[in-house]
Amino acid sequence: MDKRSDAIIEKYAAPFVQIVLEKNQQRDVFRELSQIKGIFEETHLADFLSHIGVSQAEKSKVLRLFQTCDSVLVNNLIEVLITNGREDFFYPILLDILKKIEKETNEFEVTIHSVEGLSEEQKARLIPVIEKKMNLKVRSIKGNLDRSLIGGFAITANHKIIDTSIKRQLKAVKEKLK
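Scope of this entry: the structure provided in the associated data block. (Residues numbered from 1 in each chain as written. Predicted model: local features only at pLDDT ≥ 70, side-chain atom pairs only at ≥ 80, totals over all residues. Heavy atoms only, no water.)

1. Considering the overall build of the chain
Argument step 1. Helix and strand counts for the chain stand at 8 helices and 4 strands.
Argument step 2. The N-to-C order of helical and strand elements in the chain reads α-α-α-α-α-α-β-α-β-β-β-α.
Argument step 3. Over its C-alpha trace the chain gives a radius of gyration of 20 Å, far above what one expects of a compact globule, namely 16 Å for 178 residues.
Argument step 4. Along the three orthogonal principal directions, the C-alpha set of the chain runs to about 60 × 35 × 30 Å.
Argument step 5. Within the chain, buried positions represent 37% of all 178 residues.
Argument step 6. As displayed, the chain has an accessible area near 11100 Å², and 53% of this comes from carbon and sulfur atoms. (Helix = DSSP H or I, 4+ residues; strand = E, 2+ residues; numbered from the N terminus. Rg over C-alpha atoms; globule rule 2.2 N^0.38 Å. Buried < 20%, exposed > 50% of the residue type's maximum accessible area, 1.4 Å probe, protein only. Areas by Shrake-Rupley, 256 points an atom, 1.4 Å probe, with all protein chains shown as cover.)

2. Some thoughts on the pairing of strand β4 (residues 160-163)
Argument step 1. Two elements, strand β3 (residues 153-157) and β4, share 4 bridges in a ladder whose sense is antiparallel. Looking across to β4, one finds that Ala157 is bridged to Lys160.
Argument step 2. Here β3 folds back onto β4, and the loop between the two strands holds 2 residues, one of which, Asn158, carries a positive phi near 50°. (Pairing = 2+ DSSP bridges.)

3. Topic: the layout of surface pockets
Argument step 1. In this structure, the largest pocket occupies an estimated 660 Å³ of space.
Argument step 2. Together, 22 residues line the largest pocket, and Phe30, Lys37, Lys99, Glu102 and Glu109 are the ones closest to its centre.
Argument step 3. Looking at the lining of the largest pocket, the elements that each hand over two or more residues are α2 (26-43), α6 (90-105), β1 (107-114), β2 (137-145), β3 and β4.
Argument step 4. Of the residues assigned to the lining of the largest pocket, the class counts are 6 nonpolar, 7 polar and 9 charged. (1 Å grid on protein atoms, 1.4 Å probe; cavity = no way out; pocket = protein on both sides within 12 Å on 5 of 7 lines; lining within 4 Å. Points joined across faces, edges and corners; volume = space filled by probe spheres on them. Nonpolar A, V, L, I, M, F, W, Y, C, P; charged D, E, K, R; others polar.)

4. Notes on the environment of Lys37
Argument step 1. Locating Lys37 in the fold gives a position in helix α2.
Argument step 2. Judged by its relative accessible area of 27%, Lys37 is partly exposed.
Argument step 3. In this structure, the C-alpha to C-alpha distance between Lys37 and Lys61, residues 24 residues apart in sequence, is 18 Å.
Argument step 4. Setting aside residues no more than four positions away along its own chain, Lys37 makes contact with Tyr91, Leu94, Leu95 and Leu98. (Contact = heavy atoms within 4.5 Å.)

5. Some words on the packing of aromatic side chains
Two measures describe an aromatic ring pair: the distance that separates the ring centres and the angle between the ring planes.
Argument step 1. Taken as a whole and judged by the stated rule, the model has 3 aromatic pairs.
Argument step 2. Taken together, a centroid distance of 5.6 Å and an interplanar angle of 35° make the contact between Phe40 and Phe66 tilted. Of this pair, Phe40 sits in helix α2 while Phe66 sits in the loop between α4 (56-64) and α5 (72-83), and the two are 26 residues apart along the sequence. Accessibility classification places Phe40 together with Phe66 in one group, the buried group.
Argument step 3. The interplanar angle of 5° and the centroid separation of 5.2 Å between the aromatic rings of Phe40 and Tyr91 together place this pair among those described as stacked. Pair noted here: Phe40 is in helix α2 and Tyr91 is in helix α6, with a separation of 51 residues, a long-range link.
Argument step 4. Note on Phe40: relative accessible area 2%, which makes it buried.
Argument step 5. In textbook terms, an aromatic cluster arises when at least three aromatic residues are bridged by ring pairs, as seen for Phe40, Phe66, Phe90 and Tyr91.
Argument step 6. Stacked on the ring of Phe30, the Lys or Arg Arg139 has its end atom at 3.5 Å from the ring centre. (Phe/Tyr/Trp six-rings, centres within 6.5 Å; stacked < 30°, edge-to-face > 60°. Lys NZ or Arg CZ within 6 Å of the ring centre and 35° of its normal.)

This is how it looks when you write it as structure tokens:
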């Protein structure tokens, strides 16, 4: 993205997040936008909306399909973008909004990398530890199987890592032996 695009994204994302927080609707809006993000990722819809060969009318028609959301704020955001001819910026604005909401609420999705999947009970026991060690709130937990860890697990959230894997421990021992 260039500076002009970044400025356009900021122009829409920042005030939207401010309104969402003022109305205490961050959870609902985050959930709605996360679902839309998933659809965009599965269908490559962002490429369609940013393609110069697609007419403004077609882009508007596609974006209006998302105005069936439960959130009036999300519906209004979509309408403002359509009115201003900014359909091609919807996806980058959506991503920026999600990041801003996470930062403002300090709630993040946590990924737990492990050799075998963790049970719901294990995840529940880890939540307070993660919140304390990483100084954040857990919005959700996503599991990721990684056999290369050998044992243990690694937790990532908000660019922070807690790594208790055997792979990391063996690497540390190897470094000490050098």
